[in-house]
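Close look at the chain arrangement
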Amino acid sequence: MKYSRPASVMRSLVGGLARFAYTECHFQVADAEEEWNVSDEFDLIHGRALMSCFNDPRVILRHTFKAVKPGCYLEIQDNFFPLQFAGPTPTKSALYKWSEIVASGGAKSERPWTNLQHYKRWMEEIGFQDVVKMGFYTPTGPWAKGEYYKLIERYFNANLRFGFPAASWKVMGALG
Ligand SMILES: C[S@@+](CC[C@H](N)C(=O)[O-])C[C@H]1O[C@@H](n2cnc3c(N)ncnc32)[C@H](O)[C@@H]1O
């Protein structure tokens, strides 16, 4: 496999966002777990919502380390799993139960969804410098204060409605 253009990596990693990309981008569909055959090529590699995608995310981090130019950037945005909550953990809620079940299913299928906690350490072990971890929260209901968080909540719930079945069936199936 050969990645020939910066946007090819974005195509692999950004996936669902590709339809919004600028026309001067070039896309290539490839398996990011395979060798990338690029070296010191990219100013920025961005990945989002990939926690359930790879057998071993460290393989991807190693590929990105080789592919990004010295002094340039890797940015990964992903979700904490099982879900964390801004207030007291609502252990009786359906969302909490879903999150626990899916996390168990991911572990059982040997593709844990809980790797975000390791990313910073893994990046540093691989050789990335000045690794910064930033946390954001996503409201799940219209109780959120302020227009910004209310908008985020609407997007998040739209995503959940479409994404829950797709995200759940396989990993829940692993639990038998
Ligand atoms: C949950 S979606 C996230 C999409 C996008 N990054 C976003 O935030 O909207 C995961 C994406 O990773 C892609 N993907 C999964 N495994 C992959 C692999 N081994 N190589 C390349 N892309 C992969 C999927 O095709 C999908 O587009």
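Residues numbered from 1 in each chain as written. Predicted model: local features only at pLDDT ≥ 70, side-chain atom pairs only at ≥ 80, totals over all residues.

1. A few points about the packing of helix α2 (residues 57–67) against helix α4 (residues 116–126)
Each pair of packed helices can be described by the angle between their axes along with the distance between the axes. Keep this limit in mind: Whenever a helix is involved, its axis is fitted only over the stretch in contact; in every case the axis is a line through C-alpha atoms, and angles between N-to-C directions fall within 0 to 180 degrees. Numbering of helices and strands runs from the N terminus; a helix is a DSSP stretch of H or I covering at least four residues, while a strand is a stretch of E covering at least two. Should an angle lie under 35 degrees it is considered roughly parallel, over 145 roughly antiparallel, and from 65 to 115 roughly perpendicular; all remaining angles are considered oblique. Handedness of each helix crossing follows the sense of rotation of the near helix against the far helix: counterclockwise by less than a right angle gives left-handed, clockwise gives right-handed. What counts as a contact is two residues whose backbone-derived C-beta atoms lie within 7 Å of each other. Side-chain classes are defined by residue name, with Ala, Val, Leu, Ile, Met, Phe, Trp, Tyr, Cys and Pro counting as nonpolar, Asp, Glu, Lys and Arg as charged, and the others, Gly among them, as polar.
Their axes nearest at 10 Å, the elements α2 and α4 cross at an angle of 45°. Looking at the two axes, α2 sits oblique to α4. The two elements α2 and α4 meet at a crossing, and its hand is right-handed. Residues R58, L61, R62 and F65 of α2 lie in contact with α4, whose contacting residues are W122, M123 and I126. Residues belonging to the contact of α2 with α4 are distributed by class as follows: 5 nonpolar, no polar and 2 charged.

2. Looking at the confidence of the model for the protein chain
The line we're drawing: Per-residue confidence from the predictor is reported as pLDDT, which spans 0 to 100.
Here the protein chain shows a mean pLDDT of 84. Residues at 70 or above account for 86%. For the protein chain, per-element mean pLDDT is lowest for helix α1 (residues 6–14), which scores 35, and highest for α2, which scores 96. Note on residues 1–18: pLDDT under 50 across the span, and 42 contacts to partners over four residues away in sequence or across chains.

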